[in-house]
Amino acid sequence: MTPISLEAMAASVPDGALIAMPPDNSLPSVALAKALVRRGARGLRLLGVPVSGFATDLLIGAGCVAEVETSAVSLGEAGFAPRFTAALKAGTITVRDATCPAIHTMLQAAEKGVPFMPLRGVIGSDILANRPDWKVIDNPFAGGGDPILLLPAKQPDIAAFHAVMADSEGNVWTGRRRECATIAHASKRALVTVERVVEGNFLEDERLAPGTISATYVEAVAIAERGARPAALLDEYGFDAAYVANYARAAKTDAGFAAWCAEHVFASLQAAAE
Amino acid sequence: MTPISLEAMAASVPDGALIAMPPDNSLPSVALAKALVRRGARGLRLLGVPVSGFATDLLIGAGCVAEVETSAVSLGEAGFAPRFTAALKAGTITVRDATCPAIHTMLQAAEKGVPFMPLRGVIGSDILANRPDWKVIDNPFAGGGDPILLLPAKQPDIAAFHAVMADSEGNVWTGRRRECATIAHASKRALVTVERVVEGNFLEDERLAPGTISATYVEAVAIAERGARPAALLDEYGFDAAYVANYARAAKTDAGFAAWCAEHVFASLQAAAE
Amino acid sequence: MSVLPEERLAVALARLILDPAAPPARHIAVGAASPIPAAACWLVKKQGHPVRLSLLHRRSGNPFTEGTRELFDLTGQGRIDLFFLGGGQIDGQANLNLVGTGAWPGTGVRFPGSFGSAFMYFMTPRTILFREEHSPRVLVERVDNISAPGVSEPGVFRRGTAQALVTGKCVFTFDPTRARFTLAALMPGETVESVRTATGFGFDVAEGVAEAPDPSEAELALLRGPVCDEMVETYPEFCARVFGRKLAA
Amino acid sequence: MSVLPEERLAVALARLILDPAAPPARHIAVGAASPIPAAACWLVKKQGHPVRLSLLHRRSGNPFTEGTRELFDLTGQGRIDLFFLGGGQIDGQANLNLVGTGAWPGTGVRFPGSFGSAFMYFMTPRTILFREEHSPRVLVERVDNISAPGVSEPGVFRRGTAQALVTGKCVFTFDPTRARFTLAALMPGETVESVRTATGFGFDVAEGVAEAPDPSEAELALLRGPVCDEMVETYPEFCARVFGRKLAA
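Report on the accompanying structure. Nothing here was measured: the structure is a model prediction, and the numbers come from that model.

1. Quick word on the sheet that holds strand S7 (residues 147–152) of chain A
Residue and element names in this part refer to chain A.
- The strand order across the open sheet built from 3 strands is S5-S7-S6, with neighbouring strands paired in antiparallel fashion. With one partner strand each, in any of the chains shown, strand S5 (116–119) and strand S6 (135–138) form the two edges of the open sheet. Taken over all neighbouring pairs, the strand axes of this sheet differ in orientation by 40° on average, direction set aside.
- Where S6 and S7 come together, 4 bridges link them in antiparallel fashion.

Dropping the structure here:
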């Protein structure tokens, strides 16, 4: 397996793609999000699995996003997501609200190759009232009078996340964050940034295999050191609360966001090019 | 977490319980099956996840079993399962045939707390014709004329399997054999035999956590060294083909089976009692 | 000894968790950004009650190995007995709005979103609603948008709903058959009238409603000692502010 | 150089895998207890074709980390292009019986069971049926019980069915629109008549049907060398018997 560059990975994402991304507590590839901002991606449809965080707000602020499907967008302790909120107000993005287990369920349906899966709850919520793509049927296994929600399978074009490491075969290790495996299984292509590539085959190692996502699902790997930052990466590095708080302050205004991007998104590329 | 004895674990399994068990390639607790034979369990209903092997044949031969639900019963290279075949012929057990992904699906429905889940395929099979508990509906997300199978959730009374190790908190490590996790999640109680108990908490270790089943799901742990034998246990020990071949030869007759049990099931207890 | 409002709230929540009239709370899950409910749960545990706590977003000792899906599966299985929910708006029928005000999807003030509320509120036998801010802006007659309904039509599968609503001013209990809150206890300095003024929805008043009893010395000692020990890694800022505890560098 | 029947069968299967008229086989799964299909897949791979092999029940390098469920999920996703199935009985419409003869569930001769056949046969674009024994007992007019049907009613979701049936005597191809097999090639020593005598179902005969070409020197060298190297851990008995290879102790 030969890793590609982060910029090549971003270039392989077409405008308009449906991209599934884990939130800040579950190995987002912030590095890939920044590379997508640099490449000037447009019209992306982002799926938060099951909620959205820093990377989503950044992509929205940079004008890369047409639509967000998610159960919440938040910067955690740093508060509401400022660019998401501004774009929603300005009407420049479409927001499709869901609820966490519904997003997991739609991806699991795609993972299993079935057209739908049921979920309890949700009935009577305005989420359902605003999701014409969701259906309530009468549970065929009850005697009647037991309404239950059916959710359609959702197959993202791209699964994007950050793993600890890849091996020689292109397998990637995400440890206990197994929702990344579900995203990879459900999606047409998985693009994975990693801290490092190591020799060997994780699937041959009984200690590493359980946290490994097979290369079968992985289209490309790019090395991006500290690629989840400011999100935490298991026991490799912690959440950078100061970085997010700084972003949250800056991104309150268009100008502040632009200045933040100049420093934190574009400067690194410029430095690399010089 | 204080382990209980194997005999106490077997005593906690009531006659008539629905017990989910993985097959020979996926960490069966043969040790618990032998202890159930020793305690003279009766009327057990066994669910093969998704097929059945050595332990199921042994329990059937010993008269412990009323019903088997499975996608196949086999001793692998050693051929057909002799006691299963004899009991089916004699009409002393009820066999409910399924197909592998249907069993996974029924357990996943229980894992998610939904009353059913769909599965593609199966339509036109006599498996379906003989499963009045399975239903075909018209896919509500298609325009009509797309029949699809719905399978009811199945919640076993007991999940029984063999893990490599347990920790101080009662978490157990089964590595990549994650179907054991699904069985544990879906069942009311998980009874787990292990090679050993180690200090610490696997969930605090990012390398061990992905292959760990949380103590939340585990009712009791018993130490049973080489408790999967003759099945393999990851990289701890291999499949004992000679042991199974010897069993397959002996178990062709009632007398041969009884003699085999006297040596391999009851003798160890006798030795321990002396 | 002066008692901080956060301590008082944690104790009020702990007492609701232990309410003998409610179904048992053997396994409680606590969401992110919920330090006061987390403190309440740890208090119950440190008092010696046998309870399993699944603290989401705890960095070390995250209890799940299937990712964030596992909380919802666990709840679907019926293994989570109690959960905490809040809301940008909460109304008199215990409907929760975590989406936003104005037209869908929150064209007035947008809140982060519904998270798992539309599922958890149905599938957990007990939910304790918690919102420190008690104002007519938050506690409204009718929420603008329903993330999760407080009550459901007959026939809709539902294991439970709100047990109570705890705010900075009072404790309300909830009666799902009447879809109505009852003022059950007051925080210091509050009266039935001050609560009524600050509340956008109508409610009943329990007979002989009075101030919630002060936290005991034992409760405070547990909160400030062993409870804080457990929380300081996950909620350093909260522990510093409320308990004056600094995380070792 | 003498060619063993197993080698001939592996080569016949490999040629079917590579059939340019069939949809591409980028990812092939091979079940347990299938040494000849496994040898065919390794032969294709060692010939330099880009194919991913998922060998179930391989002790080291088992490709799955979700347990046995993952094969079926992978197939549901459309990622498995080709699978092998057999049957205690196979009939002229490519119906498979893995359950048993006589009344359900196999009151005559009971076979092990249907395994995943009732799903895999529908969800894999190509299935190659393989059964060494070619007799009227196995190849029947109509199976006693259908584990997995060869063809489905219009409207039933199905990605594919049998591409071919390979036996110890011949290769049949299968036409799903007519639900009928055609004799396409003969193993050495067989004739159309000898096949007809040994087959319980009616079939068509391809124009100019002849013996399958012998395995080439290159194919045999790969089988006996690198293919055997890959297989010896999983199938020690087979490799000893067919390739004369012993596993190092």
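2. A few points about the sheet that holds strand S7 (residues 139–140) of chain D
All names here are of chain D.
- The sheet built from 3 strands is open, its strands ordered S5-S4-S7 with mixed pairing. Looking at the sheet topology across the chains shown, the edges are occupied by strand S5 (96–97) and S7.
- Inspection of the sheet shows strand S4 (residues 89–91) paired to S5 by 2 bridges, in the antiparallel sense. Bridged to Gln-89 within S5 is Asn-97.

3. Regarding unusual backbone geometry
- Of note, the amide linkage connecting Arg229(B) to Pro230(B) takes the cis form, showing an omega dihedral of 15°.
- Checked against the element boundaries, Pro230(B) lands in the loop between strand S12 (218–223) and helix H8 (241–250).
- Residues Trp104(D) and Pro105(D) are joined by a peptide bond in cis, for which omega reads 0°.
- Following the sequence through the fold, Pro105(D) ends up in the loop between S5 and helix H4 (117–123).

4. A few points about the environment of Gly102(C)
All names here are of chain C.
- Assignment of secondary structure puts Gly-102 in the loop between strand S5 (96–97) and helix H4 (117–123).
- A C-alpha to C-alpha distance of 7.9 Å links Gly-102 and Asn-145, two positions 43 residues apart in sequence.
- Setting aside anything within four residues of it in sequence, one finds Gly-102 in contact with Thr-107, Gly-108, Asp-144 and Asn-145.

5. Observations concerning the interface of chain A and chain C
- Between chain A and chain C, the contact holds 44 residues from the first and 38 residues from the second.
- Around 3,300 Å² of area is buried between chain A and chain C when both sides are counted, 57% of it from carbon and sulfur atoms.
- Its largest share of buried area at the contact with chain C, chain A owes to Asp97(A), Arg120(A) and Arg176(A), together 16% of the area lost on that side.
- Summed over the shared surface of chain A and chain C, the result is 1 salt bridge.
- Note that Asp97(A) is salt-bridged to Arg110(C), the shortest N-O span being 2.7 Å.
- At the boundary of chain A with chain C, the tally comes to 14 residue pairs in polar contact (both at pLDDT 80 or more).
- Sorting the residues of the side of chain A that touches chain C by element identifies helix H4 (82–90), strand S4 (94–97), helix H5 (100–112), helix H6 (126–129) and helix H7 (179–186) of chain A as the ones contributing at least two each.
- The biggest single contributor to the side of chain A that touches chain C is H5(A), with 4 residues.
- Of the residues assigned to the side of chain A that touches chain C, the class counts are 19 nonpolar, 13 polar and 12 charged.

The rules behind these values
- Residues numbered from 1 in each chain as written.
- Chains lettered and ligands numbered in written order.
- Predicted model: local features only at pLDDT ≥ 70, side-chain atom pairs only at ≥ 80, totals over all residues.
- Heavy atoms only, no water.
- Pairing = 2+ DSSP bridges.
- Helix = DSSP H or I, 4+ residues; strand = E, 2+ residues; numbered from the N terminus.
- Axes fitted to C-alpha atoms, helices over the stretch in contact; angles between N-to-C directions.
- Contact = heavy atoms within 4.5 Å.
- Buried area = accessible area lost by both parts, 1.4 Å probe.
- Salt bridge = Lys/Arg side-chain N within 4 Å of Asp/Glu carboxyl O.
- Polar contact = N/O pair within 3.5 Å; in protein donor to acceptor, adjacent residues only side chain to side chain.
- Nonpolar A, V, L, I, M, F, W, Y, C, P; charged D, E, K, R; others polar.

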